[in-house]
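One letter stands for each residue in the lines below.
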Amino acid sequence: QVQLAESGGGYVQAGGSLRLSCAASGSRFSINVLGWYRQAPGKQREFVASVTRGGSTNYRDSVKGRFTISRDNAKNTVYLQMNSLKPEDTGVYYCSTAWSSNWSPDYWGQGTQVTVSS
């Protein structure tokens, strides 16, 4: 099965930046879609951003202009550059894989904590 190793979470003040990374291993073929979800305490998990093998990206409205998702196909690694962070961005961030952008994720990472203070 595919395994996802995440890193880059941490504690920052509002307006700061973090870069998350997630390396996928164990996949016989290149992964079509890599993405990020997040979950705040007491809230449902929500979509953040995704990127296809060809480089097409999608973002939730609240992070557009602040977050940038990218990937290294040779390494099956996805990144999430987060700038101008807000307290509302606080939560556990999970990377994921999917067959297509229209399918729900089939594999998940263990999550990495992002905390943004006011």
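The structure we're discussing is the one just above.
In short, a report on the structure. (Residues numbered from 1 in each chain as written. Predicted model: local features only at pLDDT ≥ 70, side-chain atom pairs only at ≥ 80, totals over all residues. Heavy atoms only, no water.)

1. Here we look at the environment of Ala 74
Point 1. Take Ala 74: it is sitting in the loop between strand E7 (67-72) and strand E8 (77-82).
Point 2. Taking the C-alpha atoms as reference points, Ala 74 and Ser 30, separated by 44 residues in sequence, lie 8.3 Å from one another. (Helix = DSSP H or I, 4+ residues; strand = E, 2+ residues; numbered from the N terminus.)

2. Looking at the nonpolar core
Point 1. Within the largest apolar cluster, 25 residues are counted, with the highest numbers of intra-cluster contacts made by Trp 36, Leu 80, Met 82 and Tyr 93.
Point 2. Of all elements in the fold, only strand E3 (18-25), strand E4 (33-39), strand E5 (46-52), E7, E8, strand E9 (91-98) and strand E11 (112-117) reach the threshold of two or more residues within this core.
Point 3. Considering each element in turn, this core owes the most residues, four residues, to E3.
Point 4. Sequence-distant contacts of Tyr 93, that is, excluding residues within four places in its chain, are made with Glu 6, Leu 20, Trp 36, Tyr 37, Arg 38, Val 48, Phe 67, Leu 80, Met 82, Gly 111, Thr 112 and Val 114. (Core = buried A, V, L, I, M, F, W, Y, C linked by side-chain atoms within 4.5 Å. Buried < 20%, exposed > 50% of the residue type's maximum accessible area, 1.4 Å probe, protein only. Contact = heavy atoms within 4.5 Å.)

3. Examining unusual backbone geometry
Point 1. Phi is positive for Asn 76, which is not a glycine, with a value near 50°.
Point 2. Mapped onto the fold, Asn 76 is located in the loop between E7 and E8.
Point 3. For Asn 76, a relative accessible area of 11% gives the class buried.
Point 4. Even without a glycine there, the phi angle at Ser 84 is positive, about 50°.
Point 5. Note that Ser 84 resides in the loop between E8 and E9.

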